[in-house]
Amino acid sequence: MITMSTQFCYQALSTTTSIRLLQIPKFVSTLQYDLIEVDLENSPVYDALSYTWHLPVEEQSSATSGVISEFGGSINCNGMKLDVTTNLRDGLLRLEQFRQETLIWIDAICINQQDLAERSAQVNMMGRIFRSARTVVVWLGEPQSGRNVLTVEDTIRFMEQLPCIKEQQSESISDYENATLAALREMPFALNLSDWLDLGLFFCRSWFQRCWIIQEIVLASTIEVYCGHTRIPWGLLQNAVRCLAVLRRQNSFSRTLRDQRITILNSIPMVLLAREHCRSGKLWRLETHLALSRTYQVTDQRDKIFALLGISDKSSLASSVISKFDADYTKSIEQVYTECAAHLVEGQAGYSVLSMVEARSYPAPRPIPSWVPDFSVPPNPPPLAIRGQCPFSAGGSTGPLSTQPTVSPNGKELYLPAAARLGRISHTSETGEEICSLERMTHLFYLLADPGLRLAKRRTPAAAEALWRALIANLADEQHPAPASLGTSFAQWVTYLIMRALDTASHASAHAADHFPDGESPPKPTPTVNSPMRDLILSDVHITALRSAPREYRYSNVRAAVDDFITVWDGAIPLQELLDATKVAVAAGDRARLDVTHKFVGTFLRMCSARRVFSTEQGDLGIAHQGARVGDEVVVVPGTAVPFVVREVEGGAYVLIGEAFVHGSMDGEALEGKDLLALEGLRLV
């Protein structure tokens, strides 16, 4: 036990290339170490520790469970007391067992975290520190305990049964995924869902959520992984995470595995690919890493950017406003995010930075310009892209130099020299989440039945296909264009949507007389208890919400909206035929038709959970961030991949609302025949 009272005091490092290393002694020392200084120019031999500073309670060992203070213990460092976190202390005790007589770099110990200048300088060196380390030692923490929790050894045995996917350099992660899926299909044993769920829970450990692990893994020469006293071969982890990530996209597993909150797995295969590229001398651009890491966690939100600088091709960073962009902890989070966005937008990233902007309310919760992404939160909704690559070219492949964006001298405003106006938003629907969860869809039906909507005027099967493709941005199963087979699923889904809209309103209205003014009586609700049609159960919460719903969600208005939609689209979509057949199926308890809807509704929710459908005054149909509202403008900027929704504010400036998909305007159509230099510009604040 550490009993000394003298607190450890850091001495300034001697040179700009100096680092500190912790010396693990030859024999078990009960947390007594020496901290020495070395110069990287002298090529010292050392390891580096990759770990999580703080563990959630469920991942703590039984001896420390419930410890919530910042520091869970102390170590003896050069004869003085140095406070460390509980997880680091546990890791050091294990290191004493399998890493004796070793010099090891540990950020919390080897960097004076209170000296902002040193902290900034050392973080800017972390790329070199991890690249120069002999081995990166990954400490996952002590094994989790409890009923129905697999041991680490059981987890390893399951991973050993998985097909071994040969590592290979590739320009696309799809090569890895296709090989993995093919091998899974040839597995000699049956796929057991519970085993995969247990494996998914293993990858829910907090280490896999850390943003810093991206740099640490990408740059590592050799990787050793420990959970408690057990060493897990790195190759097994690579194979397992790839298999699980691919399996999550298969229909039979996707819903359950998504509920296990392991969506982080989607990006881990990309981290592995970045590692392969780095080892061959290729570095990805910063904006690529930023797009892939938005869901990862950090303690200091500035590290969402600083943690990626050491593995990024800095040639993509350029700015006329800020001469250099490095880790600097004297700057605020807002300043770091704004300066980073300025560098990217004036560099090779250009307008793609605008696609990273998440849906936000105004005034925004963080005081940053509207065109600057808030990297501290996940992108919601995610960008219109497939594995980080946008398949659209709404603004053409490139714009002339004179149409490139520029940042104002104060770094707060972004000037777009040219923008083609597609029109103002005239109608918006509910969000996808409201449609599928709260079963509110009156605005959607009215919007799609609007006689001013160009697609509604055509009333053809081709128009119906354009409609469903627009609702999912023509992206599905990581494919563009979306597979035509989704058309059948859409037709059946919209049929159930009609039935659910009426059914929900009648259930709620049966308990809310004010839904029926002038003596109108609601129809008797369709008997759907234990019926497959109630796949999304009408809970008490939904009933309560609908009783107090605005007038547009009362039965008479829902009925009118549905009737208008059927009048416009029946024929282009065989709605009446499908409604008759579906009612028979519901009465018989036949789930086959409901099962058909899952493919489209899953795609729609992934795309539109935080988006809403809109139409413009010109009759165009599209989807945009949930913050879009009537009166906002849709614009296409030369050189951009997608249109954007903007909102005029005081002084003739605009705020950026976010990306948009507009049917018929995703391949440069909006700029055809236009003199780009004659287009009016936009000033984003």
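This structure is a prediction, so every number in the text was calculated from the model and none was measured. The written sequence of each chain sets the order in which its residues are numbered from 1. Residues qualify for local features only when their pLDDT is at least 70, as the model is predicted, and side-chain atom pairs are given and counted only at 80 or more; totals for whole chains, interfaces and linings, by contrast, use all residues. Note: side-chain values were computed over all heavy atoms of the structure, leaving out hydrogens and water.

### Description of the overall build of the chain
Logical step 1: When its secondary structure is counted, the chain shows 22 helices and 20 strands.
Logical step 2: Here's how the labels work: a residue is buried when its accessible area is under 20% of the maximum for its type, exposed when over 50%, partly exposed in between, all with a 1.4 Å probe on protein chains only. Relative to its full complement of 685 residues, the chain shows a buried share of 56%.
Logical step 3: In the chain, once contacts between residues fewer than 6 apart in sequence are set aside, the share between residues at least 24 apart is 73%.
Logical step 4: Counting every atom, the chain has about 28700 Å² of accessible surface; 51% of that belongs to carbon and sulfur. Helix numbering and strand numbering both begin at the N terminus, where a helix is a DSSP run of H or I of at least 4 residues and a strand a DSSP run of E of at least 2. Two residues qualify as a contact provided that any one of their heavy atoms is within 4.5 Å of a heavy atom in the partner residue. Residue exposure ignores everything except the shown protein chains as possible cover, and the areas themselves are Shrake-Rupley values with a 1.4 Å probe.

### Concerning the pairing of strand β17 (residues 633–636)
Logical step 1: Burial of the side chains of β17 extends over both faces: Glu633 and Val635 are buried on one face and Val634 and Val636 on the other.
Logical step 2: When DSSP finds two or more bridges between a pair of strands, those strands are recorded as paired. In the sheet, strand β14 (residues 420–431) pairs with β17 via 4 bridges, with the strands oriented antiparallel. Bridged to alanine 420 within β17 is valine 636.

### Let's talk about the pairing of strand β4 (residues 73–77)
Logical step 1: Extensive coverage of β4 is indicated by the burial of 5 of its 5 residues.
Logical step 2: Neither face of β4 is left uncovered, since the one carrying Gly73, Ile75 and Cys77 and the one carrying Ser74 and Asn76 both have all their residues buried.
Logical step 3: Pairing between strand β2 (residues 32–39) and β4: 2 bridges, direction parallel. Bridging from a neighbouring strand, glutamine 32 pairs with asparagine 76 of β4.
Logical step 4: Alignment of β4 against strand β5 (residues 80–84), held across 5 bridges, turns out to be antiparallel. Each residue of the ladder has a partner; that of serine 74, found in β5, is aspartate 83.
Logical step 5: Connecting the antiparallel pair β4 and β5 is a turn made up of 2 residues, with asparagine 78 showing a positive phi of about 55 degrees.

### Describing the side chain of asparagine 474
Logical step 1: One can find asparagine 474 in the loop between α17 (461–471) and α18 (486–509).
Logical step 2: Two N or O atoms form a polar contact when they lie within 3.5 Å of each other; inside protein one atom must be a possible hydrogen donor and the other a possible acceptor, and for residues adjacent in sequence the pair counts only when both atoms belong to side chains. Polar contacts involving the side chain of asparagine 474 include one to the main-chain amide nitrogen of alanine 482, which spans 3.1 Å.
Logical step 3: Residue contacts for asparagine 474: discarding those within four places in its chain leaves Arg469, Gln479, His480, Pro481, Ala482 and Phe661.

### Re the sheet that holds strand β9 (residues 230–232)
Logical step 1: If you walk across this open sheet you meet the 9 strands as β5-β4-β2-β1-β6-β3-β7-β8-β9, and the pairing is mixed. Every other strand in the sheet has two partners, leaving β5 and β9 as the edge strands with one partner each. Neighbouring strand axes in the sheet, compared pairwise and without regard to direction, differ in orientation by 40 degrees on average.
Logical step 2: Axis lines are fitted to C-alpha atoms, over the contacting stretch for helices. Their N-to-C directions set the angle, which ranges from 0 to 180 degrees. Where helix α1 (residues 86–98) meets the sheet, it contacts β1 (18–24), β2, β3 (47–50), β4, β5, β6 (102–105), β7 (136–139) and β8 (223–227), and its direction lies at approximately 125 degrees from that of β7.
Logical step 3: Contacting β1, β3, β6 and β7, helix α3 (residues 116–132) runs over the sheet at an angle of about 70 degrees to β1.

### So, the packing of helix α4 (residues 152–161) against helix α8 (residues 234–247)
Logical step 1: With their axes 9 Å apart at the nearest point, α4 and α8 run at an angle of 70 degrees to one another. It follows from the interaxial angle that α4 and α8 lie roughly perpendicular. Contacts between α4 and α8 involve Ile156, Met159 and Glu160 on the former and, on the latter, Leu236, Leu237 and Ala240.
Logical step 2: All amino acids are sorted into three groups, where Ala, Val, Leu, Ile, Met, Phe, Trp, Tyr, Cys and Pro are nonpolar, Asp, Glu, Lys and Arg are charged, and the leftover types, Gly among them, are polar. Here the residues of the contact of α4 with α8 sort into 5 nonpolar, no polar and 1 charged. Angle categories: roughly parallel below 35 degrees, roughly antiparallel above 145, roughly perpendicular from 65 to 115, and oblique for all the rest.

### Re the environment of leucine 40
Logical step 1: Its place among the elements puts leucine 40 in the loop between β2 and β3.
Logical step 2: Leucine 40 sits in the buried class, given a relative accessible area of 6%.
Logical step 3: Along the chain, leucine 40 and isoleucine 19 lie 21 residues apart, while their C-alpha atoms are 7.2 Å from each other.
Logical step 4: Setting aside residues up to four positions removed in sequence, leucine 40 forms contacts with Thr17, Ile19, Tyr46, Met125, Arg128 and Ile129.

### Here we look at unusual backbone geometry
Logical step 1: Between asparagine 380 and proline 381 the backbone carries a cis peptide bond, its omega angle lying at 5 degrees.
Logical step 2: Tracing the backbone shows proline 381 in the loop between α13 (333–345) and β12 (406–407).
Logical step 3: In this structure, the amide linkage connecting histidine 480 to the following residue, proline 481, adopts the cis form with an omega of 0 degrees.
Logical step 4: By secondary structure assignment, the location of proline 481 is in the loop between α17 and α18.
Logical step 5: Its identity is not glycine, yet asparagine 78 carries a phi of approximately 55 degrees, on the positive side.

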